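Understanding the architecture of this molecule
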Amino acid sequence: MTKYVYDFAEGNKGLKDLLGGKGGNLAEMANLGLPVPPGFTITTDACRAYLRTGKEPYGLADEIALHLERLERQAGRRLGDAGDPLLVSVRSGAKFSMPGMMETVLNVGLTDATLPGLAARAGDERFAWDSYRRLVQMFGKTVRGVPGEAFDRALDEAKALAGTGDDLGLGTDALRALVDRYKAIFREHTGDDFPQDARVQLEQAVRAVFGSWNAERAVLYRRQEHIPADLGTAVNVVTMVFGNLGPDSGTGVAFTRDPATGAPGVYGDYLANAQGEDVVAGIRNTVPLQELERIDKASYDELLAIMARLEAHYKDLCDIEFTIERGKLWMLQTRVGKRTAAAAFVIAAQLVDDGVIDLDEALTRVNGAQLAQLMFPAFDLSAGPRRIGSGIAASPGAAVGAAVFDAHRAAELAGTGTPVILVRRETNPDDLPGMIAAQGILTSRGGKTSHAAVVARGMGKTCVCGADTLDVDVHTGQFTVDGQVVREGDVISIDGSSGAVYLGEVPVQPSPVVRYFEGALSPGADQLVRAVDRILTHADKRRRLAVRANADTAEDAARARRFGAQGIGLCRTEHMFLGERRALVERLILARTAEQRDAALAELLPLQRADFTGLFREMAGLPVTVRLIDPPLHEFLPPLEDLAVRVARAEERGEDPGHDRELLDAVHRMHEENPMLGLRGVRLGLVVPGLFAMQVRAIAEAAARVPGACAEIMVPLVGAVQELEAVRAEAQGLLRELGVDARIGTMIEVPRAALTAGEIARAADFFSFGTNDLTQMGWGFSRDDVEGAFFTRYLELGIFGVSPFESIDRDGVGRLIRIAVAEGRAARPDLHIGVCGEHGGDPDSIRFFHDAGLDYVSCSPFRVPVARLEAGRSAVTATGSDTR
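A brief structural summary. Counting restarts for each chain: residues are numbered from 1 in the order of the written sequence. Since the coordinates come from a predicted model, pLDDT governs what is reported: local features require at least 70, and pairs of side-chain atoms require 80 or more to be given and counted, while whole-chain, interface and lining totals use all residues. The side-chain figures draw on all heavy atoms in the structure; neither hydrogens nor water molecules are used.

1. Things to note about the environment of Val481
Only DSSP runs of H or I covering at least 4 residues are called helices, and only runs of E covering at least 2 are called strands; the numbering of each starts at the N terminus. In this fold, Val481 is placed in strand E21 (residues 478-481). Under the relative-accessibility criterion, Val481 is labelled buried at 2%. The spacing of Val481 and Ile388 is 93 residues in sequence and 6.9 Å in space, taken between C-alpha atoms. In this description, contact between two residues means that some pair of their heavy atoms is separated by no more than 4.5 Å. The contacts of Val481, once residues within four sequence positions are left out, are Ile388, Thr469 and Leu470. Working definition: with a 1.4 Å probe on protein chains only, accessible area under 20% of the residue-type maximum means buried, over 50% means exposed, and in between means partly exposed.

In structure tokens, the structure reads:
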């Protein structure tokens, strides 16, 4: 029989698949002897069974009852007992941290009958009523779907009536009246009275947490973070400890290092006389954690000792939630903390320096997405922009956009291409769509551990929190600061590294990491650059995959070299036919005789030769893979509609359309219903005499001019070995004539080529997967059409976890790649194999290419450092360990 419930004493952090991250870590802390309130965890197995059938699995109710009875004996109190009631919290806890995306209910077990007993035990009637109003509000919103705004309005009205600015100013009578109002709101929206049976509260809260796994915001967050949809959440039932018992009580969040910069020290927020949700929600501004030393030195010293012990145990930055109940410290949660990209690199390097981890482990602590974030620009303040406010630097970066005060409006405007900054008093999980859409997030309340800060850091979004000089009015859509009114649509700039808020658009400058890659900064320039250099250098030592760049010009090639590329994996020769050279391509297309065609090709030859010479010189002996012309020739002609209008207007004026008429006739003649599957690639080279020969000659002559040049000629869109054999025979003749050595290979981008790779390999020196076209043809998609037409719906339905054009489809397209690698190498063991599609710079795809046995990846120059890092990570984690 499946076991669905585990006491904390039965678990550990290694069971996060079953107990979730929160449950596993609570058990781990309990096993370490730390002060953890007693409790138990309901497993993700139970959640999945509930979501699958809509009802609790057989035996779960009995197991919960058994563990609740043990908990009651341990606490010396009973759930629902009027004399001395046990209260519990019911918290979600998935395998991967999803801050604020699922549900929590505190003070479960509090009823009209149990309230006097709680008040008597605490010796504080106000505290009991404060706890009760929190339960009715949380339970109503979380379990029964009562709009949170209804409770918020009632609280604001109660504070206005009491003449106070925050909830601490509400006395016992005001809170008693507020509970009555909350109960009425509950009844108005649900048709039921607030439940007065403590066990019914517990049962309904557990089911609500299960159901919150599929809440809209949770689904959206999982999609954003690429978290699998089938994991489910665990549920933690924990004895309540109270931070709202007075000034000697409180709650807080601590980090063992600064999650924004990685600097060691004491970081976090504390809020006296409050419960845990108050800190995360940012409802009241917190004080820095260091203030706790003055407020309660004994608890502060104990907390610091526990923080040091947890960091040593987890060997990483830890994020800790705690409550102090009348001078007694309780640990409510720990986890490996979310951090900014900069902090991730700095912390990993520091832990290596401290001898806590080795460089291989450091590689698993960072990722390519974080390195890409560090390459984004920062503000250039040399012009002295107007600073109108400042807050807490919660998540770094430079963000510019129109101020927007509603999350859904932010998503709507961003969808039209307008950059936006989401401005709120504080964010809550319902704001997630706007947070994802915004360039940055600005709040007037909250600190580094508020919802806005935690979610922004997780997503790599720029965020400034707690800018309390800003008077934010979300109802009128404006904020005021020092007499300056900023309305929706006004452009502002926020600096998540300094906390500064500027009016207007502030220009940006390259990041120090990019300046390091460009050679403008030394590796020891600052702490971050040192950390990046050290970890990336180790990645280069560990990786098996080479990293090349997609580059079409000498300038691109030079940047690729500076960024660490080991060659060019794709030079797209068609890009060399754009601009002023279009006229020469037009002459080739319009040629009516062999002489005219040869003359046009002869004019193109020296231009192509000069282009290739520049690439070979910049690469200085590294391989340069030149793809022969791929797209259909009509792409170099003006659009049919433009030509038709020009010809019609000329004829209307009685003029001879001349050249335009020739072009229009050519466009009509070359028209194809589906040109991407028509006359392009190798087919074009076989049909247009001399076209590929001109390009091969230009490559060979350029290689002959550059000592040590390493040329590779790549034939696109091959589907049958006979196509490649025909091109190869002509190319080899030209190469022999010019006395140049060059490898000749093909792109594998047609499914048939992947399935007949063994045959094709006999005529190829190398393969390079063109994963863009291979994905289009493998799925039967026209990328330009489908991404806007239905991909959003496919993502919503879970058909895709991520777009197959963004990250490789391992099961379908990936299988074609594995087949081609296996059969190609079986036929030709020395076959060199790479990838040059956009997937070559995608971190998840790079890990697949490593596993599939490719020799190199090729990506844009800017992504080269990302690919180097991920290739190193792939080598270190090749055993399949989970490094999320």
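2. Some remarks on the pattern of salt bridges
Each salt bridge in this description consists of a side-chain nitrogen of Lys or Arg and a carboxyl oxygen of Asp or Glu lying within 4 Å of one another. Per the counting criterion, the structure on display carries 59 salt bridges. Between Arg559 and Glu518 there is a salt bridge; the shortest N-O distance is 2.5 Å. One end of the pair, Arg559, is in helix H21 (residues 554-562); the other, Glu518, is in the loop between helix H19 (512-517) and helix H20 (527-542), and 41 residues separate them in sequence. You can call Glu518 partly exposed: its relative accessible area is 24%. Between Arg572 and Asp552 there is a salt bridge, with its nearest N and O atoms 3.3 Å apart. Separated by 20 residues along the polypeptide, Arg572 in strand E27 (residues 568-572) and Asp552 in the loop between strand E26 (546-550) and H21 bring together distant segments of the chain. Connected through salt bridges with shared partners, the residues Asp130, Arg133, Arg134 and Asp167 form a single ionic network.

3. With respect to the layout of surface pockets
Using only the protein atoms, space was sampled on a 1 Å grid; points where a 1.4 Å probe fits but cannot get out form cavities, open sets with protein on both sides within 12 Å along at least five of seven lines form pockets, and lining residues are those with an atom within 4 Å of a point. Grid points are joined across faces, edges and corners, and a volume is the space filled by probe spheres set on the points. The space that makes up the second largest pocket amounts to roughly 1,000 Å³. What lines the second largest pocket is a set of 39 residues, and nearest its centre among them are Asp630, Met676, Asn772, Asp773 and Gln776. Counting only elements with at least two residues in the lining of the second largest pocket, the list comes to E27, helix H31 (771-779) and helix H32 (783-789). For the lining of the second largest pocket, the per-class residue count stands at 13 nonpolar, eleven polar and 15 charged. Each residue receives one of three labels: charged for Asp, Glu, Lys and Arg, nonpolar for Ala, Val, Leu, Ile, Met, Phe, Trp, Tyr, Cys and Pro, and polar for the others, Gly being one of them.

4. Structural notes on the sheet that holds strand E20 (residues 471-473)
As summarised here, the arrangement of the three strands in space is E20-E21-E22, forming an open sheet in which the pairing is antiparallel. Strands at the two margins of the open sheet, each flanked by one partner only, are E20 and strand E22 (484-487). Each strand axis lies, on average, 15 degrees off the axis of its neighbour in the sheet, ignoring direction. Note: two strands are recorded as paired if DSSP finds a minimum of 2 bridges between them. Only C-alpha atoms enter the line fits that serve as axes; for helices the fit covers just the stretch in contact. Angles between N-to-C directions range over 0 to 180 degrees.

5. Looking at the nonpolar core
Among the nonpolar cores identified, the biggest contains 134 residues, and Phe345, Phe612, Phe769, Ile817 and Leu854 are the most heavily contacted of them. Looking at this core element by element, the count peaks at eleven residues for helix H13 (residues 341-353). Sequence-distant contacts of Ile817, that is, excluding residues within four places in its chain, are made with Phe769, Thr771, Leu774, Ile808, Phe848, Phe849 and Leu854. Nonpolar cores are built from buried Ala, Val, Leu, Ile, Met, Phe, Trp, Tyr and Cys residues. Side-chain atoms within 4.5 Å join them into one set. Formed by 59 residues, the second largest nonpolar core is a distinct cluster that contains Val5, Ile64, Phe139 and Val209.

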